[in-house]
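# Fold and contact review
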Amino acid sequence: MKPQGIAPDARTELFGGTGTVLVWDLLGAPPISPFAAVLACELEPGGSVGDHVQEHFPEIVVCVSGDGEARVNGVAHAMQAGTVVQLQLGHTLAFTNHSSAEPLSYLIIKAAGAQR
């Protein structure tokens, strides 16, 4: 999943994780109400994103492809094509890509209407 015409933002060791996540902002600025952001993400093989708290917006994460794991409040959820994980405000999230050869691709959709 590499959106055409949009340059990714490469984020290394995100939230204390390992490797690089490529992030594409699919909405751009300004966002489209009621959404704060729609991000296409690609976590490199063997990479991880460390635990972080959903402080501003609830979100859903939709796995597009790959083999990995999302941990919500420490509870593991298999991440494979079609998996949807929801995060409410105050919940923690972390990712691991179990593949040594393929990226873990997912979409993050943040709901602006529910911010604190």
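Quick note: structure is the one above.
As a starting point, this report considers the structure included with it. (Residues numbered from 1 in each chain as written. Predicted model: local features only at pLDDT ≥ 70, side-chain atom pairs only at ≥ 80, totals over all residues. Heavy atoms only, no water.)

### Some points on the sheet that holds strand S6 (residues 68-72)
What the 4 strands build is an open sheet, ordered S4-S9-S6-S7; its pairing is antiparallel. Single-partner strands in this sheet number two, and they are strand S4 (48-53) and strand S7 (75-79). The average undirected angle you get between the axes of adjacent strands in this sheet is 15°. (Pairing = 2+ DSSP bridges. Helix = DSSP H or I, 4+ residues; strand = E, 2+ residues; numbered from the N terminus. Axes fitted to C-alpha atoms, helices over the stretch in contact; angles between N-to-C directions.)

### Description of the sheet that holds strand S8 (residues 84-87)
The strand order across the open sheet built from 6 strands is S1-S2-S3-S10-S5-S8, with neighbouring strands paired in antiparallel fashion. Looking at which strands have only one partner, the edges of the open sheet turn out to be strand S1 (9-12) and S8. In this sheet, adjacent strand axes meet at a mean angle of 25° when their direction is disregarded.

### Some details on the nonpolar core
Judged by nonpolar contacts, the single largest core of 19 residues is most densely connected at Val-61, Met-79, Phe-95 and Tyr-106. Of all the secondary structure elements, the ones that give two or more residues to this core are strand S2 (20-25), strand S3 (35-43), strand S5 (59-65), S6, S8, strand S9 (92-97) and strand S10 (104-111). The dominant element in this core, judged by the number of residues it contributes, is S3, at 4 residues. (Core = buried A, V, L, I, M, F, W, Y, C linked by side-chain atoms within 4.5 Å. Buried < 20%, exposed > 50% of the residue type's maximum accessible area, 1.4 Å probe, protein only.)

### Description of unusual backbone geometry
With phi around 50°, Glu-13 is a residue other than glycine that occupies positive phi space. Inspection of the secondary structure assignment puts Glu-13 in the loop between S1 and S2. Exposure remark for Glu-13: the relative accessible area of 54% places this residue in the exposed category. One non-glycine residue, Phe-15, lies in the positive phi region at around 55°.

### Focus on the packing of aromatic side chains
Tallied over the entire structure, the rule returns 1 aromatic pair. Relative to Tyr-106, the ring of Phe-95 has its centre 4.4 Å away and its plane inclined at 25°; by these criteria the two rings are stacked. Within this pair, whereas Phe-95 is found in strand S9, its partner Tyr-106 is found in strand S10, the two being separated by 11 residues in sequence. Taking the relative accessible area as the measure of exposure, Phe-95 reaches 2% and is therefore buried. (Phe/Tyr/Trp six-rings, centres within 6.5 Å; stacked < 30°, edge-to-face > 60°.)

### Quick notes on the pattern of salt bridges
Applying the stated rule across the entire model yields 3 salt bridges. Across the pair Asp-9 and Arg-11 runs a salt bridge, and its minimum N-O distance is 2.9 Å. A relative accessible area of 38% means that Asp-9 is categorised as partly exposed. The class of Arg-11 is partly exposed, set by a relative accessible area of 32%. When the shortest N-O distance is used, the salt bridge between Glu-59 and Lys-110 registers 2.7 Å. (Salt bridge = Lys/Arg side-chain N within 4 Å of Asp/Glu carboxyl O.)

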